[in-house]
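# Remarks on the overall topology
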Amino acid sequence: MVHKIIEWSMHNRFIVLVLSLGLFVWGIYAVKKNPIDAIPDLSENQVIVFTEWMGRSPQLIEDQVTYPLVTNLQGIPKIKYVRGSSMFGMSFIYVIFEDDVDVYWARERVLERISTISKTLPEGVAPQLGPDGTGVGHVLWYTLDAPDMDLGEQRAIQDWYVKFALQTVPGVSEIASFGGFQKQYQISIDPNKLLYYKLTAPEVIAAVRANNNESGGRKFEMSDMGYIIKTSGYLKSIKEIADIPVKNQNGTPIRVSDLATVQMTGETRLGIFDQDGEGERAGGIVVMRYGENAAEVIDNVKAKMKEVSKGLPKGVKFDIVYDRGELIKESVDSITHTLIEEMIVVSIIVIIFLFHWRSAVSIIIQIPITIAASFILLNAFDISSNIMSLTGIALAIGVIVDNGIIMSENAYKHLSERYLIWEKEQQKTTES
């Protein structure tokens, strides 16, 4: 079979050259389309289920949230195992699927199962899926450099302006905010006053909830004009919250201000983010979507940052604290230089040892064609260009030229033997 292929190739050299050229062009196209990253993604095929129930102890979270979710999610097809983790006010479920399962198919199956489990969970508990990223999806960290702005305002800019703008970048799964203070209205109830007025905390909560609502009316016509009636009841200030009546005792309304202190404050934090020992900062983490090109996503996010910067308050700017793009560039450049150096060294050695430029050229041509063709297989198996894959190609250059050297030497040896036989025959002819 091999002899027939070689014989056919020798008799159809033009076709072989055209096929080689087409393979090389296809490989160059594959190089441009292949995702680039610094490190290979070896994370498991998982779906994260996150549940928040603030103010509850880890044991209560484990008993009423984590355990019911873990036991019910185990029945999903093509699952390897389910891991659960409980902490103060939060529950994390890691559903690990088989490696050949499509991640979005897995997310759909988990979402279907969650919709049936939610009825068995405590009131107000709503499980939700984590971002469709992986363990190495954190490609960019940034903070807001705003020296003249308090942490609450920084976090508000991050949550209500920057985050929404950067989430529109193709390939971005989530912008996870961190640092600063999340502003909220806080009602601090005095238990002694509750006892004095014979009220309970649930009554205060119900009164605030009932007065923070809007309801629609109906449309009616008067003087050939149509009017739409609605009530506007959303709370807009601290004073409006303080003036909410909780109960009427002997014709006197008992307001929230009579029972509690209302103030604007920050949500309780479990930690802080300090940058370079110079103070706290607010910022975000760019989480890349599963299977995207890390280098391309980072470049698009940086371009979007320049656009977003135009709308930031005066004196506020982005400060990138972690950029995988630099690591990707340095890693790829290092491997690229190594590939070029190896190609040059191998070419020189082939020319020196064979000392026949036509044989050397036929061997050297194999190197770029084979390397370009290898990227076709990388794309076929969804393998990105990273330190591991490119290093493997660099190590294989010696193997790539081995067959060409062996075939050239074998052909040279047979030609030499034939030449010696022909020379002896000529010598015999001359003597006779």
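Bear in mind the structure is a predicted one, so any value in this text is a computation, not a measurement.

Each value, and the rule that gives it
Residues numbered from 1 in each chain as written. Predicted model: local features only at pLDDT ≥ 70, side-chain atom pairs only at ≥ 80, totals over all residues. Heavy atoms only, no water. UniProt positions renumbered as here; feature names shortened; annotations may be inferred. Helix = DSSP H or I, 4+ residues; strand = E, 2+ residues; numbered from the N terminus. Pairing = 2+ DSSP bridges. Contact = heavy atoms within 4.5 Å. Axes fitted to C-alpha atoms, helices over the stretch in contact; angles between N-to-C directions. Salt bridge = Lys/Arg side-chain N within 4 Å of Asp/Glu carboxyl O. Buried < 20%, exposed > 50% of the residue type's maximum accessible area, 1.4 Å probe, protein only. Core = buried A, V, L, I, M, F, W, Y, C linked by side-chain atoms within 4.5 Å. Polar contact = N/O pair within 3.5 Å; in protein donor to acceptor, adjacent residues only side chain to side chain. Bend = angle between axes of the 7 residues up to and from the residue.

## Things to note about the UniProt feature "transmembrane region" (unreviewed entry) in the protein chain
UniProt annotation of "transmembrane region" (unreviewed entry) refers to residues 339–356, 363–381 and 387–406 when read in the numbering used here. Helix makes up 95% of residues 387–406 and strand makes up 0%, while its end C-alpha atoms are separated by 30 Å.

## Examining the sheet that holds strand β2 (residues 79–87)
Across the sheet, which stays open at both edges, the four strands sit in the order β2-β3-β1-β4 with antiparallel pairing between neighbours. One side of each edge strand has no neighbouring strand; the edge strands of this open sheet are β2 and β4 (128–129). Inspection of the sheet shows strand β1 (residues 46–52) paired to strand β3 (residues 90–97) by seven bridges, in the antiparallel sense. Residue pairing in the sheet places Gln 46 in a bridge with Ile 96 of β3. Across the sheet, helix α3 (residues 58–73) touches β1, β2 and β3, and the angle it forms with β2 is around 170 degrees. Each of β1, β3 and β4 touches helix α4 (residues 103–117); the most contacted strand, β1, lies at about 35 degrees to it.

## Quick look at the pattern of salt bridges
Applying the stated criterion to the full structure yields twelve salt bridges. Arg 83 serves as the salt-bridge partner of Glu 44, at 3.4 Å between the closest nitrogen and oxygen. With Glu 44 in the loop between α2 (13–33) and β1 and Arg 83 in strand β2, the pair connects residues that are 39 residues apart, well separated along the chain. We classify Glu 44 as partly exposed; its relative accessible area is 30%. Among the charged side chains, a network of salt bridges with common partners joins Glu 108, Arg 109 and Glu 112.

## Re the nonpolar core
Most often, soluble globular proteins have nonpolar side chains that are buried together. Core analysis: the largest hydrophobic core is formed by 28 residues, its most contacted members being Tyr 142, Val 162, Val 286, Val 301 and Phe 318. Sorting the residues of this core by element identifies β5 (138–145), α5 (151–166), β6 (172–178), β13 (283–288), α10 (294–309) and α11 (324–354) as the ones contributing at least two each. In terms of residues, this core owes the most to one element, α10, which gives seven residues. Not counting residues within four places of it along the chain, the set of residues in contact with Val 286 comprises Gly 137, His 138, Val 139, Leu 140, Tyr 142, Val 172, Glu 174, Ile 175 and Val 301. Core analysis: the second largest hydrophobic core is formed by 21 residues, Trp 53, Ile 61, Phe 97 and Leu 121 among them.

## A short note on the side chain of Asp 159
Tracing the backbone through its elements, the reader meets Asp 159 in helix α5. Accessibility expressed as a relative area gives 14% for Asp 159, which makes it buried. Here the side chain of Asp 159 touches Ser 177 through a polar contact of 2.8 Å, side chain to side chain. With near-sequence residues (within four places) excluded, Asp 159 lies in contact with Phe 164, Ser 177 and Gln 182.

## A word on α5
A maximum bend of about 35 degrees is found in α5 at Gln 158. All buried positions along α5 are accounted for by Leu 151, Gly 152, Gln 154, Arg 155, Ile 157, Gln 158, Asp 159, Val 162, Ala 165 and Leu 166. At its buried positions, α5 is contacted by β5, β6, β7 (183–189), β13, α10 and β14 (317–323). If you check the start of α5, you find a side-chain oxygen 2.9 Å away from the backbone N of Gly 152, and it comes from Asp 150.

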